[in-house]
Amino acid sequence: MKTPRRIIIGVTGASGAIYAKRTLESLKETDVETHLVISKSSEITIKYELEMSAADLAALADQRYPAGDIAAPIASGSYKTIGMLITPCSIRTMSEIQSGITSSLLTRAADVVLKERRRLVMMVRETPFHLGHLRTMTALTEMGAIIAPPLPAFYAEPQSLEDIVDQSVGRTLDLFDIDTPLVKRWGEDLEKGRR
């Protein structure tokens with residue numbers, strides 16, 4: 001039996017819950033199976049920013065695990081995935097993963113992804129960064145993670161907030177080799193980039 005393509009989506013309490021929502025919505029249109037972990041603090045952010053419950057967000061995923069379920073399949077390296085996207089990613093979560101001292105399923109799953117040499121992408125949401133944040137990001141990059149803050153791409157000529165979010169989400173999914181129609185690509189979709 002062929003293993004389906006699975007991706008773990010972690011959602012933390014950092015601002016930017018819209019990135020998680022658009023990611024899950026976009027992945028519904030693909031053949032990739034989504035395995036979701038929502039941190040306790042993100043439940044508050046989801047309610048404030050999206051005016052929906054964490055359960056409503058979880059309904060967009062194929063599988064959801066409680067943050068305290070450290071025996072979930074995604075806590076084991078033998079459970080095959082293409083990796084993990086943490087969107088948005090709080091500084092606390094990033095720091096916990098870098099230290100290797102994990103306290104929840106979300107950070108344990110990220111640790112497993114790193115140890116199995118799978119793709120870990122973190123949409124870190126904070127600004128400005130102090131030196132400790134930057135050193136943590138450097139250490140994670142050296143460990144194999146990809147730090148991908150959701151920054152606007154103005155070359156894509158966004159006309160709305162949704163356009164900005166979609167471009168960030170689409171470019172992040174590109175890192176897993178997942179194609180979506182979200183991205184306006186230079187040299188393809190954007191006239192000024194063509195030669």
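Source: prediction; values computed, not measured.

Conventions and cut-offs
Residues numbered from 1 in each chain as written. Predicted model: local features only at pLDDT ≥ 70, side-chain atom pairs only at ≥ 80, totals over all residues. Heavy atoms only, no water. Helix = DSSP H or I, 4+ residues; strand = E, 2+ residues; numbered from the N terminus. Rg over C-alpha atoms; globule rule 2.2 N^0.38 Å. Buried < 20%, exposed > 50% of the residue type's maximum accessible area, 1.4 Å probe, protein only. Contact = heavy atoms within 4.5 Å. Lys, Arg positive; Asp, Glu negative; His and termini not counted. Charge placed at Lys NZ, Arg CZ, Asp CG, Glu CD.

**Looking at the overall build of the protein chain**
Link 1 in the chain: Within the protein chain one finds 7 helices and 6 strands.
Link 2 in the chain: Starting at the N terminus, the α and β elements of the protein chain follow one another as β-α-β-α-α-β-β-α-α-β-α-β-α.
Link 3 in the chain: In terms of overall dimensions, the protein chain is globule-like: its C-alpha atoms have a radius of gyration of 16 Å, near the 16 Å expected for 195 residues.
Link 4 in the chain: Taking the principal axes of its C-alpha atoms as reference, the protein chain extends roughly 50 × 45 × 35 Å.
Link 5 in the chain: When each of the 195 residues of the protein chain is scored for burial, the buried share is 49%.
Link 6 in the chain: Put simply, of all contacts in the protein chain between residues at least 6 apart along the chain, 75% involve residues at least 24 apart.
Link 7 in the chain: Both charge centroids of the protein chain, one from 24 positive and one from 25 negative side chains, sit 5 Å from each other.

**Quick notes on unusual backbone geometry**
With the exception of glycine, the majority of residues adopt a negative phi angle, and the majority of peptide bonds are in the trans configuration.
Link 1 in the chain: A cis amide bond links Thr-87 with the next residue in sequence, Pro-88, at an omega value of -10°.
Link 2 in the chain: Along the chain, the position of Pro-88 falls in strand E4 (residues 83–89).
Link 3 in the chain: With an omega of -5°, the peptide bond between Thr-127 and Pro-128 qualifies as cis.
Link 4 in the chain: In this structure, Pro-128 sits in the loop between strand E5 (119–124) and helix H6 (131–143).

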